[in-house]
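Descriptive analysis of the structure
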Amino acid sequence: MQTDLRLSPTLPAWLPEPVRLYLDHTEEGLSLRALARREGCHASTVMRHVRRCENRRDDPLVDEALAAFGRSLGRGAFPARKDRPDMTAPIRPEASPALRPALLDATTIAREARRILRRLAEPQTVLAVAPDMEKAAVLRSLPDGSTARTAVMDRAVAQAFALKDWITCRKPGRIATYEITATGRAALRRLVECDEAGRGGGLAEAAQPFAAQHRDWAEREIRDEDGPRRVRYNAAESPVAVLGRRRDKDGQPFLAAELVEAAERLREDFELAQMGPRVAQNWDRFLTGADRGSFRSDSGGAEGPRQARERVAAALRDLGPGLGDMVLRCCCFLEGLEAAERRMGWSARSGKIVLRIALQRLRRHYDETYGRSRPLIG
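Residues numbered from 1 in each chain as written. Predicted model: local features only at pLDDT ≥ 70, side-chain atom pairs only at ≥ 80, totals over all residues. Heavy atoms only, no water.

**A closer look at the packing of helix H12 (residues 323-332) against helix H14 (residues 351-369)**
What counts is decided by this rule: Angular values range over 0 to 180 degrees, each being the angle between N-to-C directions of two axes fitted as lines to C-alpha atoms, with helices fitted over their stretch in contact. Per the convention used, a helix needs a DSSP run of H or I reaching at least four residues, while a strand needs a run of E reaching at least two, with both numbered from the N terminus. Throughout, the term roughly parallel applies to angles under 35 degrees, roughly antiparallel to angles over 145, roughly perpendicular to angles from 65 to 115, and oblique to all others. A contact between two residues is defined here by any heavy atoms of the two lying within 4.5 Å. Residues are grouped as follows: nonpolar covers Ala, Val, Leu, Ile, Met, Phe, Trp, Tyr, Cys and Pro; charged covers Asp, Glu, Lys and Arg; every other residue, Gly included, is treated as polar.
Two numbers describe how H12 lies on H14: the axes approach to 9 Å, and their chain directions differ by 100°. The orientation of H12 relative to H14 falls into the category roughly perpendicular. Across from Leu 323, Met 326, Val 327, Cys 330 and Cys 331 in H12, the residues of H14 making contact are Gly 351, Val 354, Leu 355, Ile 357, Ala 358, Leu 359 and Arg 361. For the contact of H12 with H14, the residue count by class is 10 nonpolar, one polar and one charged.

**Some points on the packing of aromatic side chains**
The condition is simple: The rule is short: rings of Phe, Tyr and Trp, with Trp giving its six-membered ring, pair when the centres are within 6.5 Å, and they are stacked under 30 degrees, edge-to-face over 60, tilted in between. Type-normalised accessible area, obtained with a 1.4 Å probe on protein chains alone, sets the label of each residue: buried when under 20%, exposed when over 50%, and partly exposed for intermediate values. Each ring is checked for a lysine NZ or an arginine CZ that lies within 6 Å of its centre and within 35 degrees of its normal; such an atom marks a charge sitting over the ring.
Across all of its chains, the model carries four aromatic pairs by this definition. Taken together, a centroid distance of 6.0 Å and an interplanar angle of 40° make the contact between Tyr 366 and Tyr 370 tilted. The class for Tyr 366 is buried, based on a relative accessible area of 1%. On the basis of relative accessibility, which here comes to 28%, the residue Tyr 370 falls in the partly exposed class. Geometry around Tyr 366 places Arg 265 over its ring, the cationic atom sitting 4.9 Å from the centre. Between the NZ or CZ atom of Lys 352 and the centre of the ring of Phe 254, over which it lies, the distance is 5.5 Å.

**Describing the pairing of strand E4 (residues 167-171)**
For clarity, the cut-off: Only strands that DSSP links by at least two bridges are regarded as paired with each other.
Taken together, the four bridges between E4 and strand E5 (residues 176-180) define a ladder with antiparallel strand orientation. Looking across to E5, one finds that Lys 171 is bridged to Thr 177. The loop that links E4 with its antiparallel partner E5 comprises four residues; one of these, Gly 173, has a positive phi angle of about 145°.

This is the structure:
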């Protein structure tokens, strides 16, 4: 007899696919290979999803949600924790039907996400939940040391947020605190863009919510032959621009405006250097110090691109190995700081310090070589 591999209808449609696979494996008893055949993927992929969900059961909200879904499937033998035997009496009473995550729909979750994720995206804001609370509270720390409650949500909605990886447990305990994740911020951007598209905001980007989640629109003033004017740009496109918006413990920008301008000037030359007949310029040769001297900038390009290549080569030679590699990866290749740290073999969170030192050196190079009068192309 052929085994029916269809998903149980008691699971809602908003449930993430890894959680579905985990419940199918642990509750329905389907093997990893059977799930892989159903999904059309390798068994190791299903195994990674299952193991990741199992490891997330240390999160109180995730553990409660998975236990609730286990009971909704009618097995009744879903343990509260993987390392704890079944108990004759639960620690807290059974949640009311209105608080069970299995009864939530995607519309309710999206409506609550617009309200709660917007609050969690504010600085110094966390989501607090305790075992004896049927509600979760959004708390924000004020400058005077006090705490203000800015929103309240059902516990089941908080469990859904945790399953969708929109929030993560920062401090477990009697009162567990959660903070918004990068996935949660991206989901909030998608919802906001969908709302703007529904209101007819007139932006073409609003009709592309999944692309808009990677954008962070901002405005800046540039000067050209017609005078000053304001332009709209994606501030999240460059890792340097993202780092330039961060603040240190004193509230000052981590990267000064002149350092971000130096990074944009280098990237401007880098992009201009690709516009000649020889568009396949091998900039990877700059990533090793031994090959820097063998670079030839006069290799048959047009005058504008040739001069841009010379400016980039001069800047990288002045920075030297290490610093030059960092600005080339982050400013020109738009490589993230974590990826650059792994490629360079550096310790975690050291790349931003090296990048700031490199940009300070780059700014000095531009001031000493060209002065401060050369404007960006814009």
